[in-house]
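Summary of structural features
Here is what each chain is made of, one letter per residue.
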Amino acid sequence: YGTNSGNICTTPGCVTAAARIIQNMDTTADPCKDFYQYACGGWLNRHVIPETSSRYSIFDILRDELEIILKGVLESSDQGDREAFQKAKILYKSCMNESLIEQRDSLPLLEVLTMVGDWPVASADWNSTKGNTVAEREKLSIMNSRFNKRVLIDMFVWNDDRDSSRHIIYMTVNLFIRTLRTHTISSVQVREAYLQFMITIAKMIREDMNISKDDLFVQEEMAKVMELETDIANATTPAEERHDATLLYNKMTLKELQEKFALNVSEFNWTFFIQGVMSSVSVQVDPEEEVVVYGMPYLQELKAIISKYSASTIQNYLIWRLVIDRVSSLSRRFKDARASYRKALYGTTLEEARWRECVSYVNNNMENAVGAMYVRETFAGESKRMVQDLIDKIREVFIETLDELQWMDEASKAKAREKVRDNMKLQYSFMNMKSLEYCSITLNFSEHNYFENILENLRAGAQKSLKKLRERVDQDIWIIGAAVVNAFYSPNRNQIVFPAGILQPPFFSKHQPQALNFGGIGMVIGHEITHGFDDNGRNFDKDGNMFDWWSNFSAMHFKEQSRCMVHQYGNYTWELAGGQNVSGISTLGENIADNGGVRQAYKAYLKWLEQEGKEPKLPGLNLSHKQLFFLNFAQVWCGSYRPEYASQSIKTDVHSPLKYRVMGSLQNFEAFSEVFHCKKGTAMHPADKCRVW
Ligand SMILES: [Zn+2]
């Protein structure tokens, strides 16, 4: 970004940026009344959500474009490639081989079913032949260690929240069960479609196993599974009530776990179960091993639920959870069977193109290899230096801004400063050959066996994470691949992560005005830093340990400041989601981060202006750079939802709907109103404002 003619920048970078901004806008809208419409109205008018998508946004388009690059990379010839790249390409090829997948049909799934003791609903006489041959805990262990499938209870190895240098076993409510809670409890249509989906799949498997048709039996069995699932979902605490990580964390020994939460299923024993899982990676655990139990009430209720159902219903449930995940990797008729369910849940009526499905599967499962290939293909090294510079600036602003805060006392400010300045680590997911080879070394793929390749990934994924139990935490290991359009904060590591995939317009370009970079990637940087101090992040200290470093005064006022935002966002009514209100509590952390992010980025931009002087204007836009800052910030969030998905995501997404992410943070920010000359009392400049950071 450089030369200008007169006062207007006419470089290709400036012209492209200007065109993008103009197209996205609706200049007929009043920026003080509805800034989202003003910034995104043009975009919303020109885009129809594709039949394959439940949401469509500028973010989603960037992801679509990234997939196109990855397609090219994965389809290129692999002569002389390093091993990890070759493996990624084989995996992709196996996924693309649809004719072979059709030909093999349900066969690979049937083989899996026999490995886990059969699916009663699709067995001739399961009760008399299989009923008691494999103990529940063994099945659960196998599901966990071989198929990375965690049912009934989520058992996994992760950084100990209270000692970030080591790993520990967690027992918690399965994330899926939580999601299910909102799915199944909420909508009759979803429930109905879900049950039909279960029944259809069970009937298909019966037929493929040459078992006589018995529709009534299948219907009854799957209805019981659904009832069991509903009971399990109901036993979970609602999202809004499990918000405080410090209250959920309960450390105990395996022995205590067994004593407290013994299930009355024959021979089921938590100690044996965990020993079974860990033995798959040759790690021995004894009854004195410590585990962290998250969400005790659920474990308590599980006992009662399990004893209500027969062994065959429980087995039907376990296997169904395994089957539902595999449906998408089978032949066409299996994928078609879930069409109505998908429609009810997401509103989508078409499947993604096969290559997109395959690209995203390979990227999700070999993120290091695909990330490295992506960076090799696209990434310009000097951007890294520019982004580093932005990060330093925004970090500094976060620290300076602490001085403005009246609600926090000096002692807590000192701790906060320390957490950001000296200890917040930074990671770019660019290229790291060490972890690249390490991750793919044990993987064995075949070009012909897509289904088995998936199982291979599941096994490797489970083992990689279980094995960590006896290893120290490696702070350098990547937590996400490079080919991702997103950014992250990890409280356990006090680390912000920027994948290469987000370093592109509109977020960032060295060819676009700095106002846009600060409003784009600058805001994202501020957002991630602020996550270290949101309602969850604030519970962790500079070393990533869950440790209360707050004075009573500051903690009390933090909660008070937060309550203002809980109220503000909780008052947004989303018509698309049937008029439901946003959950101010569930979205609090993201809203705190959004508000802090835009404020810090703006301040850092003002400082940059002071040092570097004015930037030339953008062609065709009679707007100041301060206005452009806010415009680009808002345009990052242009997008629309299908109503089905809106109804789901308002209950499950920790982010506010795109529109309210923009409205909420700008309504709270005086500088925005100044820049757009919004009078007090207009929608964008309400008298009451919330501020945490
Ligand atoms: Zn966030």
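Residues numbered from 1 in each chain as written. Predicted model: local features only at pLDDT ≥ 70, side-chain atom pairs only at ≥ 80, totals over all residues. Heavy atoms only, no water.

Looking at an unreviewed UniProt entry, the protein chain carries the name Membrane metalloendopeptidase like 1, with the source organism given as Phasianus colchicus. Of the protein chain, the UniProt comment under Cofactor (unreviewed entry) reads exactly: "Zn(2+)". (UniProt positions renumbered as here; feature names shortened; annotations may be inferred.)

A look at the overall build of the protein chain
Regarding its fold elements, the protein chain presents 31 helices and 11 strands. For 693 residues, the compact-globule estimate of 2.2 N^0.38 gives 26 Å, and the C-alpha radius of gyration of the protein chain, at 26 Å, lies within 12% of that figure. Viewed in the frame of its principal axes, the protein chain has a C-alpha envelope of about 85 × 60 × 50 Å. Buried positions account for 58% of the 693 residues belonging to the protein chain. Surface summary for the protein chain: the accessible area is close to 28300 Å², and the carbon and sulfur share equals 50%. The averaged location of the 88 negative side-chain charges in the protein chain is 2 Å from the averaged location of its 80 positive side-chain charges. (Helix = DSSP H or I, 4+ residues; strand = E, 2+ residues; numbered from the N terminus. Rg over C-alpha atoms; globule rule 2.2 N^0.38 Å. Buried < 20%, exposed > 50% of the residue type's maximum accessible area, 1.4 Å probe, protein only. Areas by Shrake-Rupley, 256 points an atom, 1.4 Å probe, with all protein chains shown as cover. Lys, Arg positive; Asp, Glu negative; His and termini not counted. Charge placed at Lys NZ, Arg CZ, Asp CG, Glu CD.)

A closer look at the coordination of the zinc ion
Distances from the zinc ion to its protein donors, H527 (NE2), H531 (NE2), E590 (OE) and E590 (OE), fall at 2.1 to 2.7 Å. Spacing between the donor residues of the zinc ion along the chain follows H-x3-H-x58-E. Of the two residues, H527 sits in helix α25 (residues 514–531) while E590 sits in helix α27 (residues 588–612), which places them 63 residues apart along the sequence. Each member of the pair, H527 as well as E590, carries the same accessibility label: buried. (Donors = N, O, S within 2.8 Å, 3.2 Å for Na, K, Ca; no water.)

Here we look at helix α15 (residues 296–308)
Where α15 bends most, the angle comes to about 25 degrees, and this point is L302. Residues of α15 that are buried include every one of Y298, L299, L302, I305 and I306, and no others. (Bend = angle between axes of the 7 residues up to and from the residue.)

Concerning the sheet that holds strand β4 (residues 249–253)
A sheet is described by the order of its strands in space; here four strands give the open sequence β2-β3-β5-β4, paired in mixed fashion. Two strands close off the open sheet at either side, each with one partner strand: β2 (154–160) and β4. Strand-to-strand, the axes of this sheet are offset by a mean angle of 35 degrees, without reference to chain direction. The pairing of strand β3 (residues 163–172) with strand β5 (residues 290–294) spans three bridges and is parallel. Within β5, the position partnered with I169 by the bridge is V291. Running over the sheet, helix α13 (residues 254–261) touches β3, β4 and β5 and is turned about 105 degrees from β4. (Pairing = 2+ DSSP bridges. Axes fitted to C-alpha atoms, helices over the stretch in contact; angles between N-to-C directions. Contact = heavy atoms within 4.5 Å.)

Regarding the pattern of salt bridges
All told, the structure shown has 39 salt bridges when counted by the stated rule. Close ionic contact of D154 with R150 constitutes a salt bridge, the shortest N to O distance being 2.3 Å. Two residues, E404 and K603, come together in a salt bridge whose shortest N-O distance is 2.4 Å. Residue E404 is located in the loop between α21 (381–402) and α22 (410–421), and its partner K603 is located in helix α27; the two are separated by 199 residues in the primary sequence. Here the residues in one salt-bridge network are K335, R338, E351, R354 and E357, joined through shared partners. (Salt bridge = Lys/Arg side-chain N within 4 Å of Asp/Glu carboxyl O.)

Considering the packing of aromatic side chains
Under the criterion given, the structure shown has 42 aromatic pairs. Ring geometry for W550 and F558: centres 5.3 Å apart, planes at 65 degrees, overall edge-to-face. With relative accessibility at 7%, the residue W550 sits in the buried group. When its relative accessible area of 2% is taken as the criterion, F558 is described as buried. Within the aromatic cluster, the residues linked to one another by ring pairs are F35, Y38, F518, Y602, Y605, W608, F629, F630, F669, F672 and F676. Across from the ring centre of F533, 5.2 Å away, lies the NZ or CZ of K419, which sits over that ring. For R538, the ring lying beneath its charged end belongs to W550, and the centroid distance is 4.8 Å. (Phe/Tyr/Trp six-rings, centres within 6.5 Å; stacked < 30°, edge-to-face > 60°. Lys NZ or Arg CZ within 6 Å of the ring centre and 35° of its normal.)

Some remarks on empty space enclosed by the protein
The full count for this structure, using the stated rule, is eight cavities of 30 Å³ or more. Volume-wise, the largest cavity comes out at about 80 Å³. Secondary-structure elements contributing two or more residues to the lining of the largest cavity are α5 (98–104) and α24 (450–467). Looking at side-chain class alone, the lining of the largest cavity contains six nonpolar, six polar and three charged residues. In terms of lining, the second largest cavity is formed by M565, I592, N595, G596, R599, S665, N668, F669, C690, R691, V692 and W693. In terms of residue count, the dominant contributor to the lining of the second largest cavity is α27 (four residues). Split into classes, the residues belonging to the lining of the second largest cavity amount to six nonpolar, four polar and two charged. (1 Å grid on protein atoms, 1.4 Å probe; cavity = no way out; pocket = protein on both sides within 12 Å on 5 of 7 lines; lining within 4 Å. Points joined across faces, edges and corners; volume = space filled by probe spheres on them. Nonpolar A, V, L, I, M, F, W, Y, C, P; charged D, E, K, R; others polar.)

Some thoughts on the pairing of β2
Within β2, six of the seven residues are buried, leaving the element largely enclosed by the surrounding structure. Sheet topology places β2 next to β3; seven bridges connect them, and they run antiparallel. For W158, the partnering residue across the bridge sits in β3 and is I168. Counted along the chain from β2 to the antiparallel partner β3, the turn is two residues long.

Considerations on the state of the cysteines
For the structure shown, the criterion picks out five disulfides. In this model C95 forms its disulfide with C358; the gap between the sulfur atoms is 2.0 Å. Every disulfide takes its handedness from the sign of the S-S torsion; for C95 and C358 that torsion is -80 degrees, giving left-handed. Of this pair, C95 sits in helix α4 (residues 83–96) while C358 is found in helix α19 (residues 354–365), placing the two residues 263 residues apart along the sequence. Between the sulfur atoms of C564 and its disulfide mate C690 the distance is 2.0 Å. Between C564 and C690 the sulfur-sulfur dihedral comes to about -75 degrees; the bridge is accordingly left-handed. Here the residue C564 occupies a position in helix α26 (residues 552–570), and C690 occupies one in the segment after α31 (670–675), the gap between them amounting to 126 residues. (Disulfide = S-S within 2.5 Å.)

Overview of the UniProt feature "domain: Peptidase M13 C-terminal" (unreviewed entry) in the protein chain
Look at the UniProt record and you will see "domain: Peptidase M13 C-terminal" (unreviewed entry) annotated at residues 486–692. When the span residues 486–692 is considered, its composition is 48% helix and 7% strand, and the gap between its end C-alpha atoms is 24 Å.

Some details on the layout of surface pockets
Considering only enclosed or pocket space, the second largest pocket measures out at about 430 Å³ in volume. Lining the second largest pocket we find 19 residues, and of these D244, D535, R538, F558 and K559 sit closest to its centre. Counting only elements with at least two residues in the lining of the second largest pocket, the list comes to α12 (245–248) and α26. In terms of residues, the lining of the second largest pocket owes the most to one element, α26, which gives six residues. Residues belonging to the lining of the second largest pocket are distributed by class as follows: eight nonpolar, four polar and seven charged.

Some details on the packing of helix α3 (residues 58–75) against helix α20 (residues 367–378)
Where α3 meets α20, the closest approach of the two axes is 10 Å, and the angle between their N-to-C directions is 100 degrees. Taken as axis vectors, α3 and α20 run roughly perpendicular relative to one another. Residue-level inspection shows L66, I69, L70, V73 and L74 of α3 in contact with α20, the latter providing V370, M373, Y374, E377 and T378. Across the contact of α3 with α20, the residue classes tally to eight nonpolar, one polar and one charged. (Parallel < 35°, antiparallel > 145°, perpendicular 65-115°, else oblique.)

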